[in-house]
Amino acid sequence: MDTKSIVYIALFAALTAALGLMPPIAFAGLGLPPITAQSLGVMLAGAVAGARRGGFALLLFIALAAVGLPLLAGGRGGIGVFFGASGGFLLAWPLSAAFIGWLLGRDRGASFVTMALYIALGGIVVMYAIGIPWMALVGKLGLTKAMAIMVAYIPGDLVKVVLATMIARGLRRAFPNL
Amino acid sequence: MLDLYSPGTSVLHRLPPAPKLLALMIGATVMFLNENLLLTAAAAMAVLALYLLAQLSLKQALAQLRPLVWIFAIFFVLQWVFSGLELAAYVVLRLAALILLASLVTLTTRSSDMIDTLTRALRILKPIGANPAKIGLAISLALRFIPVLAQITADVREAQKARGLERSVIAVAMPVAIRTLKMADDISDAIESRGYRP
């Protein structure tokens, strides 16, 4: 792997960590875990850095969080997080980023809507497809109930999809050979 | 460096990371396979006993669970309503015990030791093309980039404030993204120009 790829992998791992510093949006009274900006990092890694670099960037990020650095939103980290209810979502991150990168790599001239669709496929569909069964397993909940909990997160994720698409398109204009 | 490590001199602190990680994997698997409430409660007590062995207070143990308190509450209520009190207690206890056990490994192991162990373990991947030196470079770059990104964001936000744009997400995110990508390109040129060939 060339030096530029290594630097990009490190950059997008760091970007996801830095997004965890943004104050999470807690929905008051609902008693649910907060919506964080970190999955925006996943979408951007896939959309900007591509399948291989984006996937490895998130793999590096979850490895750093697992060894005990407080990189996850709210200053959480350590192996314990992966056994928790949101562990599946974290493990899905590298796959989500790689999938987004792969889809966009196949269709370089994607329009805004197509690009947003690709980012949603990787950043929402793939992530939920791994995260929800994990949550159901850990909480012995059953899939329907786990899915019902996650409905609350979809609006926030849709906002992130639009943001990621806007930023990725802007970056492609600024760096045409990205 | 930022780290969740809690310094100490106990047996668990002195144990190298590899056996601790192995014990965690075995412990977690056993807890997932076990379906008995009493055994799960016993396991949770045993994990708490390990915290005392590691000279950590029970307060520190509870602090590990605090971020998850709402998830616990939701799981507990859902299970209680749909499947009864016993299963509700089992699920929450198991989750708590697992997280406490994993956090214990994190609390008693320095991140740097864990990274060393990981990089050493990655040597077995050399035949399929993984290069531990490059992984090491990626790790140190990532850790260095985090404060740099925070600084760039602060700079851009200040600049946009002068334009009355500090509340616009795109007006802040776009310059940050362009600057960081530019920085990444400069850094990789700088590394290459110094003849870095791992």
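All values derive from a computational prediction rather than experimental measurement.

Concerning the interface of chain B and chain A
Much of the literature gives interface size as the accessible area that the parts lose upon coming together.
Moving on, step 1. Chain B puts 60 residues into the contact, and the matching count from chain A is 51 residues.
Moving on, step 2. Roughly 4700 Å² is buried in total at the junction of chain B and chain A, and carbon and sulfur atoms are behind 82% of that figure.
Moving on, step 3. Applying the counting criterion to the chain B and chain A interface returns 2 salt bridges.
Moving on, step 4. Of the charged contacts in the structure, one is a salt bridge between B:Asp185 and A:Lys4, with a shortest N-O distance of 3.6 Å.

Here we look at the nonpolar core
It is characteristic of soluble globular proteins that their nonpolar side chains tend to be buried jointly.
Moving on, step 1. Grouped together as the largest cluster of nonpolar side chains are 126 residues, with contacts concentrated most on A:Phe12, A:Phe61, A:Leu64 and A:Trp93.
Moving on, step 2. Take this core: its biggest share by element is 14 residues, from helix 6 (residues 85–108) of chain B.
Moving on, step 3. When residues are assigned to domains, this core turns out to be shared by domain 1 (11–109) and domain 2 (122–193) of chain B, each giving three or more.
Moving on, step 4. Every residue in contact with A:Phe12, bar those within four places of it in the chain, is listed here: A:Leu44, A:Ala45, A:Val48, A:Ala49, A:Ala57 and B:Leu181.

Details of the domain arrangement of chain B
Moving on, step 1. Structurally, chain B comprises domain 1 (11–109) and domain 2 (122–193).
Moving on, step 2. A C-alpha centroid distance of 36 Å is found between domain 1 of chain B and domain 2 of chain B.

Quick notes on the packing of aromatic side chains
Residues and elements named next belong to chain A.
Moving on, step 1. A complete count under the given rule lists 5 aromatic pairs over all chains for this structure.
Moving on, step 2. Where Tyr8 meets Phe12, the ring centres are 6.4 Å apart and the plane angle is 40°; that geometry is what we call tilted. Here the residue Tyr8 and the residue Phe12 both occupy positions in helix 1 (residues 3–19), the gap between them amounting to 4 residues, near one helical turn.
Moving on, step 3. Relative accessible area serves as the criterion here: at 2%, Tyr8 is assigned to the buried category.
Moving on, step 4. Residue class for Phe12 comes out buried when judged on its relative accessible area of 4%.
Moving on, step 5. Between Phe61 and Trp93 the ring centres are 5.8 Å apart and the planes differ by 35°, which places this aromatic pair in the tilted class. Of this pair, Phe61 sits in helix 3 (residues 51–66) while Trp93 sits in helix 5 (residues 87–106), and the two are 32 residues apart along the sequence. Comparing Phe61 with Trp93 shows no difference in burial state: the two are buried.
Moving on, step 6. In this arrangement the basic side chain of Arg53 is found over the ring face of Tyr8, its NZ or CZ atom lying 5.0 Å from the centre.
Moving on, step 7. Positioned over the ring face of Trp102 is Arg106, at 4.8 Å from the centre of the ring.

Conventions adopted
Residues numbered from 1 in each chain as written. Chains lettered and ligands numbered in written order. Predicted model: local features only at pLDDT ≥ 70, side-chain atom pairs only at ≥ 80, totals over all residues. Heavy atoms only, no water. Contact = heavy atoms within 4.5 Å. Buried area = accessible area lost by both parts, 1.4 Å probe. Salt bridge = Lys/Arg side-chain N within 4 Å of Asp/Glu carboxyl O. Core = buried A, V, L, I, M, F, W, Y, C linked by side-chain atoms within 4.5 Å. Buried < 20%, exposed > 50% of the residue type's maximum accessible area, 1.4 Å probe, protein only. Helix = DSSP H or I, 4+ residues; strand = E, 2+ residues; numbered from the N terminus. Domains from an automatic or database assignment. Phe/Tyr/Trp six-rings, centres within 6.5 Å; stacked < 30°, edge-to-face > 60°. Lys NZ or Arg CZ within 6 Å of the ring centre and 35° of its normal.

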